[in-house]
Amino acid sequence: MVSVVRHRKVNIVQLDADEAIACHCQPGDIALVAGSTGWSLHFLTADGAVESYETPYASQKEALWAAKAAAEFGFS
């Protein structure tokens, strides 16, 4: 189930493993995606590219804190 947290004018979109980033996120959003190895973090840049952290986080809480930190500093 998709849920959205807004932090510093950035949407942090939490997705289940079977939900596509492209269907639920816009440029400037951060996607947290649940997976078998943990929670992965993906950044949708202004030009439509998706950049991701290599190593997933063990918990949703850790991934959310990392996403909030990224929103604090901004990305493009």
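Residues numbered from 1 in each chain as written. Predicted model: local features only at pLDDT ≥ 70, side-chain atom pairs only at ≥ 80, totals over all residues. Heavy atoms only, no water.

(A) Here's a closer look at the sheet that holds strand β1 (residues 3–7). The five strands are arranged β1-β2-β3-β4-β5 in an open sheet whose pairing can be described as mixed. In this open sheet, the two strands that pair with only one neighbour each are β1 and β5 (50–52). Looking at each pair of strands side by side, their axes are set apart by 25 degrees on average, direction ignored. As judged from the six bridges shared by strand β3 (residues 30–35) and strand β4 (residues 38–44), these two strands associate in the antiparallel manner. Residue A34 lies in a different strand from β4, and its bridge partner there is W39. (Pairing = 2+ DSSP bridges. Helix = DSSP H or I, 4+ residues; strand = E, 2+ residues; numbered from the N terminus. Axes fitted to C-alpha atoms, helices over the stretch in contact; angles between N-to-C directions.)

(B) Local environment of the packing of aromatic side chains. Taken as a whole, this structure holds two aromatic pairs when the rule is applied. Their ring planes at 65 degrees and their centres at 5.0 Å tell us that F43 and Y53 sit as a pair that is edge-to-face. A residue pair is termed long-range when its members are at least 10 positions apart, and F43 in strand β4 and Y53 in the loop between β5 and α2 (60–73) qualify at ten residues. Residue class for F43 comes out buried when judged on its relative accessible area of 7%. Under the relative-accessibility criterion, Y53 is labelled partly exposed at 38%. Centroid distance Y53 to Y57: 6.5 Å. Interplanar angle 55 degrees. Geometry classified as tilted. Judged by relative accessible area, Y57 falls into the partly exposed class, the value being 24%. (Phe/Tyr/Trp six-rings, centres within 6.5 Å; stacked < 30°, edge-to-face > 60°. Buried < 20%, exposed > 50% of the residue type's maximum accessible area, 1.4 Å probe, protein only.)

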